[in-house]
Amino acid sequence: MSVTIDDVKYMANLARLQLSEDEAASLVRDMNDILGYMELLEQVDTSDIPPLEHVSDTGAGFRPDKAHPPLDHEEALKNAPDADSDYFRVPRVID
Amino acid sequence: MLESGELTVPDLVAGYISRIEQDNPDINAFTQWHKEESLERAHHIQRKIENGSAGPLAGVVLGVKEVFCQKGFPATCASKMLASYEAVYDATVVERLLAGDAIIIGRLNMDEFAMGSSNENSMYGPVRNPRNTSRVPGGSSGGSAAAVAAGMCHASLGSDTGGSVRQPASFCGVVGLKPSYGRVSRHGLIAYASSFDSVGAFGSTVHDASVILKAIAGRDDMDATSSTEPVPDYPALLDEVRPDITIGIPKEYFGDGLDPVIRDRVMLVAEKMEAKGAKLVDIRLPNLKYAIAAYYVLATAEASSNLARFDGIRYGHRADMKAVRARLKAEEAELTADGAADLSGLDTPMIRLYKQSRTEGFGPEVKRRIMLGTYVLSAGYYEAYYGKAQRIRRLIKQDFEQAFSKVDVIISPTAPTTAFELGSKVNDPLQMYLNDIYTISANLAGICGISIPAGDHSSDGMPIGVQFMANAFREPELLNAARLAEMVCGESADASSP
């Protein structure tokens, strides 16, 4: 299994990244190196082994459904790259 | 000294500030320090000491890794993506340290989004090892380790997802503690790989690390994975060190790729502990060789998902919209000039804004891990990579469970080498990943681990770290063994050869 430049561009679109040709080329190399190393995993027979999803088996538990004061508008919008007094401002979605 | 009044908290803080001002330009451990705020708080805590109302951490001066939120201060993760981000709430660990009357003197450099093993992936530039500034401090909590090693603060907070506390502790010659998964709340720790991320502590001694752990551990309603297990009084348990413990020596941790000087040093520490009454037992952890591959499948998958939140809309870096629109117009013109009427491949302005913002905000290692994670989760590859790695994660956990049915703790090297030269591995990401071989399996299994300094390497003079691991929530056994090792290392006349 080897990664091509087209695979990298396809993945970049899924990951919402806009790669330059240079970046894409060096990712082809790195990803083939790293994914090649990961083929080591194929040596292990895991047919009877269930996947491990959580390291702790205690479960999440319950807590009272109690409301806490939320962030106020000013704080919530403080880090926005663009906002007015009430909302985040985003580019027009519909032309 | 604080109790007798010989030294005051403001004196202490002023001392650390002047050390930072003098040495930080060479080390680059702190990204910023809060001189006025810290001195003001020091006076306040001094008054509390004098009137008997001070908390358990009064007089403790800490640095905090840029990955933690502290209300009113930047939390950048050393990334351009969060360069102008200012936290609007305190991480639970920060809140607990402050409630105990600790002083947080400043914020610490790190690998971008905690991804790295050398602290060379940072928008602030690399951190340098205080012992030798041409060498790396380790990563990703390189700033946290270097700051303690350079005497810029008593202790510090880091995060450990695959070894990011223990490996830099080893490289810088300090103590680095990674608690069990769920022992410490992750609320306010900016996520990298949520099923692995643990908050850890650095200090000069095992006792220092145990004091910080006691303050930050315990259930938090803001983190559903935080445990309700009671929190023992870790520092008090160290008053009486038990030497009659069983120590496992895993063959797999002493094989190819390990510097023989480090191997001999770790074995020497084990033998000295045996002389005090410990029992040494050979154990097997046969699936160790799959740990790095399994980790980088699972952790990059989780990272690609966690970092999807950075879209330049609610916070973080946003690309210039005018430039994005101009670029799209040019691409459209190019397509129509070719006579192609099909513009379906062209991004909408919104999608392109996400892409451009993320591309400008993230550094190369972060992009690499997002891409790997996207790949292993994508249709057709999911079971071959992600599903497979989850199954191997279970095998690794089972190996440890079996081992801990026979032994109290496991001893091993923390890293296969001492701190390497800056720039020596940046162009080979796989070599950089392989450096995590001895630390990564503790994160896969969710158990606890600690690295303690065991003298210096005979040829390069850099610190060597010894790692102990104990089963989940067995921090008392872990700290006991680490303290015993610290005692036997300190007993030798020449600290460089315990």
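Residue positions are given per chain, counted from 1 along the sequence in the order it is written. As a convention, the first chain written is A and the first ligand written is 1, with the rest following in written order. Local features in this predicted model are restricted to residues of pLDDT 70 or higher, and side-chain atom pairs are both shown and tallied only at a pLDDT of 80 or more, whereas totals for entire chains, interfaces and linings draw on every residue. Where side-chain values are given, they derive from all heavy atoms of the structure, hydrogens and water being excluded.

Caption draft 1: A look at the overall build of chain B. Secondary structure assignment for chain B yields 16 helices and 11 strands. Expected size for 498 residues packed as a compact globule is a radius of gyration near 23 Å; at 23 Å, chain B falls within 12% of this value. For the C-alpha atoms alone, the extent of chain B along its principal axes is close to 85 × 55 × 45 Å. The buried share among the 498 residues of chain B stands at 61%. We call two residues in contact whenever any of their non-hydrogen atoms come within 4.5 Å of each other. For chain B, the proportion of contacts with a sequence separation of at least 24, taken over those separated by at least 6, is 78%. Only the protein chains shown count as cover for residues, with accessible areas throughout obtained via the Shrake-Rupley method and a probe of 1.4 Å. Here chain B has roughly 17500 Å² of accessible surface; of this, 49% comes from carbon and sulfur atoms. One finds the centroid of the 50 positive side-chain charges in chain B at a distance of 5 Å from the centroid of its 61 negative side-chain charges. Counting from the N terminus, the helices are the DSSP runs of H or I reaching at least four residues and the strands are the DSSP runs of E reaching at least two. Taken over C-alpha atoms, the radius of gyration is set against a globule rule of 2.2 Å times the number of residues to the power 0.38. Exposure classes here rest on a 1.4 Å probe applied to the protein chains alone. A residue is buried below 20% of its type maximum, exposed above 50%, and partly exposed in between. Residues scored as charged are limited to Lys and Arg (positive) and Asp and Glu (negative), so that His and the chain ends carry no count. Charged groups are reduced to one reference atom each: NZ for lysine, CZ for arginine, CG for aspartic acid, CD for glutamic acid.

Caption draft 2: The sheet that holds strand β5 (residues 175-178) of chain B, seen in detail. Residue and element names in this part refer to chain B. What makes two strands pair is DSSP finding at least two bridges between them. What the 11 strands build is an open sheet, ordered β1-β3-β2-β4-β6-β5-β10-β11-β9-β7-β8; its pairing is mixed. Of all the strands in the sheet, the pair left with one neighbour each is β1 (30-33) and β8 (279-283). Along the sheet, successive strands turn relative to each other by an average axial angle of 30°, direction set aside. Pairing analysis gives two bridges linking strand β7 (residues 246-250) to strand β9 (residues 409-413), with the strands arranged parallel. In the strand pairing of β9, Ile-247 is matched with Val-409. Lying over the sheet, helix α2 (residues 35-50) contacts β1 and β3 (103-108), oriented at roughly 160° with respect to β3. What counts as an axis is a line fitted to C-alpha atoms, over the stretch in contact for a helix, and the angles between N-to-C directions run from 0 to 180 degrees.

Caption draft 3: The arrangement of the state of the cysteines in detail. All names here are of chain B. By definition, disulfides here are pairs of cysteine sulfur atoms that lie within 2.5 Å. Counted according to the given criterion, the structure contains zero disulfides over all chains. We note that Cys-448 lacks a disulfide partner, and the nearest cysteine sulfur, in Cys-489, lies 19 Å from it. What makes Cys-448 buried here is its relative accessible area of 0%.

Caption draft 4: Layout of the packing of helix α2 (residues 21-38) of chain A against helix α12 (residues 364-377) of chain B. Axis separation between α2 of chain A and α12 of chain B bottoms out at 11 Å; the angle between their running directions is 60°. The pairing of α2 of chain A with α12 of chain B is recorded here as oblique in orientation. Regarding α2 of chain A and α12 of chain B, the two cross each other, and that crossing is right-handed. Contacts between α2 of chain A and α12 of chain B pair Glu-23, Leu-27, Asp-30, Met-31, Ile-34 and Leu-35 of chain A from the former with Lys-367, Arg-368, Met-371, Leu-372, Tyr-375 and Val-376 of chain B from the latter. Note on residue classes: Ala, Val, Leu, Ile, Met, Phe, Trp, Tyr, Cys and Pro are nonpolar, Asp, Glu, Lys and Arg are charged, and everything else, Gly too, is polar. Of the residues contributing to the contact of α2 of chain A with α12 of chain B, the split by class is eight nonpolar, no polar and four charged. Roughly parallel means an angle under 35 degrees; roughly antiparallel means over 145; roughly perpendicular covers 65 to 115; every other angle is labelled oblique. Should the near helix be turned anticlockwise from the far one by less than a right angle, the crossing is termed left-handed; should it be turned clockwise, right-handed.

Caption draft 5: Looking closely at the pairing of strand β6 (residues 198-203) of chain B. All names here are of chain B. Burial runs high along β6: six of the six residues are buried. Where strand β4 (residues 155-160) meets β6, five bridges bridge the pair, whose relative direction is antiparallel. Paired with Asp-160 across the two strands is Ser-198, which belongs to β6. Across three bridges, β5 lies against β6 in antiparallel orientation. Residue pairing in the sheet places Val-175 in a bridge with Gly-203 of β6.

Caption draft 6: Layout of the interface of chain A and chain B. Across the contact, 48 residues belong to chain A and 63 residues belong to chain B. For the chain A face of the interface with chain B, the top three residues by lost area are Leu-41, Leu-52 and Val-55 of chain A, together amounting to 13%. The rule for a salt bridge is simple: a side-chain nitrogen of Lys or Arg has to be within 4 Å of a carboxyl oxygen of Asp or Glu. At the surface where chain A touches chain B, the tally comes to four salt bridges. Notably, a salt bridge pairs Glu-75 of chain A with Lys-71 of chain B, separated by 2.7 Å at the nearest N-O pair. Any pair of nitrogen or oxygen atoms within 3.5 Å is treated as a polar contact; in protein, a donor-acceptor pairing is required on top of that, and neighbouring residues in sequence qualify only through side-chain atoms on both sides. In this structure, the connection of chain A to chain B is made through 20 residue pairs in polar contact (both at pLDDT 80 or more). Mapped by element, the contributors of at least two residues to the side of chain A that touches chain B are α1 (5-14) and α2 of chain A. For the side of chain A that touches chain B, the element with the highest residue contribution is α2 of chain A, accounting for nine residues. Residue composition of the side of chain A that touches chain B, by class: 31 nonpolar, five polar and 12 charged. Joining two parts hides part of their accessible area as seen by a 1.4 Å probe, and the buried area is that hidden amount summed over both.

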